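A structural walkthrough
Below are the chains, spelled out letter by letter.
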Amino acid sequence: MRRAQFDPISELSTARDTVGVCPVVTPFGVPAHLVSRYDDVREVLSDSVRFSTADRHALMPPDAAGPTEQEYAQARVGNLLAYDPPEHTRLRRMLTPEFTMRRMRALEPRIVDIVSAALDDVERAGRPADLVSTFALPVPSLVICELLGVPYADRAEFQRRTVDQLDASHPPEHRLALQQASRAYMATLVERARRDPGEDILGMLVREHGDDISAEELVGIASLLLLAGHETTANMLGLGTLALLRHPDQLARVRDDPASVEPAVEELLRWLSIVHAGIPRTATTEVTIAGSTIAAGEHVVLALPGANRDPALVDDPDRLDITREPAGHVAFGHGLHHCLGAPLARLELRIAYPALLRRFPGLALAVPYEQIAFRPYSVIHGLQALPVTW
């Protein structure tokens, strides 16, 4: 799903404002129905009975070359996004306590330290600096290291492998090899946690649910947390900073007024909607959405940017306005698969944006805006680089 810099492409807005549902072919080559209106998107997200995420064919055509059924089954173990109830319910219930506000408050001092150290690195690197590679990528990577209990000696290699794994420019076979290497490393973390459970998520799961969760499920959970918690927050940090630089009055509010930070984060999440669509759904029965009939077995893709820019959600939706009352956006999804790590992502953004802007009050683009390279075809919207000076 393409973007026009910050905005959804005009074809998406037109589809939302006219038909509401239209036929598309996904980047995986699968025919699907694209749902783009806010109310319709929420309806699909709310209904895990009629719309399943467990069908592998939503990700690739039945005749496509790809993982075998056995390989796919192994890769999906522990991945909550590929589960329907009751499997999803069982695992999510185990994980939810790790993402409560109480746990986030306990993690906050470490995030503050990680952000401060990253800003020290930016300052030492000197001007101009690429804010993506020096700040936006390292911060969530190191937070994930804290969550998963990655030993300090492994963190540099962990960061390098994570960035490499998430680089969409690599050919599929190379990315598959990186994923396999990542899962192999996660298996060592799980083995360590089973021997000596610490205070991280894997240690908690072993201590409290060791008899009810398999090693393979723990590896899958760790892999999902890495992918879902790193790339998304990193791209929000880069794109959100650029958006604020393009709106200097709003940037000043975030920098100078602590009360403005929380609504600013919510508005940036809505306006940017960096996750294009999330996991495709498969209709389990015939259903009608926005007057369009979707047959059982057909696939549904949700246009989250279209939904979050729907005039039915907020007035003048294409305008960034951090003074809005926070709307019920779907940037983190909705319903059963609402992002488990949303409290952590919000906390990272609320800490990182004002810290960056206070450290560098003269922050500015080091190149003309027209030279900023977006990633319009990426699975998650973002920037290739963000050259800045101060």
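Above: the structure in question.
Description of the structure in this document. Here the residue numbering is sequential within each chain, running from 1 through the sequence in written order. With pLDDT at 70 or above as the cut-off, local features in this predicted model cover only qualifying residues; side-chain atom pairs require 80 or more to be listed or tallied, and sums for whole chains, interfaces and linings still use all residues. Only hydrogens and water are set aside when side-chain values are computed; all heavy atoms of the structure are taken into account.

1. Things to note about the overall build of the protein chain
Condition: Only runs of H or I of at least four residues qualify as helices and only runs of E of at least two qualify as strands under DSSP, and these elements are numbered from the N terminus. Relative accessible area decides the class of each residue, using a 1.4 Å probe on protein chains only: under 20% of the type maximum gives buried, over 50% gives exposed, and in between gives partly exposed. Whether two residues touch is decided by their heavy atoms; if any such pair falls within 4.5 Å, the residues are in contact.
The helix and strand tally for the protein chain stands at 15 helices and twelve strands. Summarising its shape, the C-alpha atoms of the protein chain cover approximately 55 × 55 × 40 Å along the three principal directions. Going through the 390 residues of the protein chain one by one, you find that 53% of them count as buried. Long-range pairs, those at least 24 residues apart, make up 71% of the contacts in the protein chain with a sequence separation of at least 6.

2. Some thoughts on the sheet that holds strand β6 (residues 129–130)
Note the threshold: In this analysis, strands are considered paired if DSSP registers two or more bridges between them.
On the basis of which strands lie adjacent, the open sheet formed by three strands has the order β6-β12-β11 and antiparallel pairing. With one partner strand each, in any of the chains shown, β6 and β11 (364–365) form the two edges of the open sheet. In the sheet, β11 pairs with strand β12 (residues 387–389) via two bridges, with the strands oriented antiparallel. Residue pairing for β12: Leu365 is matched across the bridge by Val388.

3. Some thoughts on the sheet that holds strand β3 (residues 21–25)
Strand order in the open sheet formed by five strands is β3-β4-β10-β7-β5, and the pairing between neighbours is mixed. Edge positions in the sheet fall to β3 and β5 (51–52), since each has one partner strand and no second. Summarising the sheet, β5 and strand β7 (residues 281–283) pair through two bridges and their orientation is antiparallel. Note on β7: the bridge partner recorded for Ser52 is Thr282.

4. Describing the pattern of salt bridges
Heads up, the rule is: Should a side-chain nitrogen of Lys or Arg be within 4 Å of a carboxyl oxygen of Asp or Glu, the pair is scored as a salt bridge.
Summed over the entire model, instances satisfying the criterion amount to 24 salt bridges. In this structure, Glu191 engages Arg195 in a salt bridge whose closest nitrogen and oxygen atoms are separated by 3.4 Å. Here Arg195 and Glu191 lie together in helix α9 (residues 172–195), a separation of four residues that amounts to about one turn. Given a relative accessible area of 48%, Glu191 falls into the partly exposed group. Put simply, Arg110, Asp113, Glu146 and Arg155 are held in one network by salt bridges that share partners.

5. Brief notes about the pairing of strand β10 (residues 299–302)
Residues of β10 alternate between two faces, with His299 and Val301 on one and Val300 and Leu302 on the opposite face, all of them buried. Bridge count between strand β4 (residues 31–35) and β10: three bridges; the pairing is parallel. Bridging from a neighbouring strand, Leu34 pairs with Val301 of β10. As judged from the two bridges shared by β7 and β10, these two strands associate in the antiparallel manner. Within the sheet, the bridge partner assigned to Arg281 lies in β10 and is Val300.

6. A short note on the packing of aromatic side chains
Ring pairs (aromatic) are described by centroid distance and by the angle formed between their planes. Keep this limit in mind: Only rings of Phe, Tyr and Trp enter the pairing, Trp through its six-membered ring, and a pair is recorded when the two centres are within 6.5 Å. The plane angle decides the type: under 30 degrees is stacked, over 60 is edge-to-face, the rest tilted.
Counted by the stated rule, this structure contains six aromatic pairs. Centroid distance Phe158 to Tyr185: 6.1 Å. Interplanar angle 55 degrees. Geometry classified as tilted. Here the residue Phe158 occupies a position in helix α8 (residues 155–165), and Tyr185 occupies one in helix α9, the gap between them amounting to 27 residues. Each of the two residues, Phe158 as well as Tyr185, counts as buried. A ring pair is formed by Phe360 and Trp390, whose centres lie 4.5 Å apart and whose planes are at 35 degrees; its orientation type is tilted. Here the residue Phe360 occupies a position in the loop between α15 (342–359) and β11, and Trp390 occupies one in the segment after β12, the gap between them amounting to 30 residues.

7. Thoughts on the side chain of Ser260
The following threshold applies: Two N or O atoms form a polar contact when they lie within 3.5 Å of each other; inside protein one atom must be a possible hydrogen donor and the other a possible acceptor, and for residues adjacent in sequence the pair counts only when both atoms belong to side chains.
Tracing the backbone shows Ser260 in helix α13 (residues 258–272). In this structure the side chain of Ser260 is engaged in a polar contact, spanning 2.8 Å, whose partner is the side chain of Asp257.

8. Points about the state of the cysteines
Applicable threshold: Working definition: a disulfide is two cysteine sulfur atoms within 2.5 Å of each other.
Taken as a whole and assessed by the stated rule, the structure comprises zero disulfides. Cysteine Cys339 shares no disulfide, and the gap to the nearest cysteine sulfur, in Cys145, comes to 18 Å.

9. As for the environment of Val30
Relative to the helices and strands, Val30 is located in the loop between β3 and β4. Since its relative accessible area comes to 2%, Val30 is described here as buried. Along the chain, Val30 and Ala58 lie 28 residues apart, while their C-alpha atoms are 6.7 Å from each other.

10. Focus on the side chain of His337
With respect to the secondary-structure elements, His337 resides in the loop between α14 (304–308) and α15. A polar contact is formed between the side chain of His337 and the side chain of His88, at a distance of 3.5 Å. What His337 contacts, discounting residues up to four positions off in sequence, is Thr53, Leu80, Leu81, Tyr83, His88, Arg92, Arg281 and Phe332.

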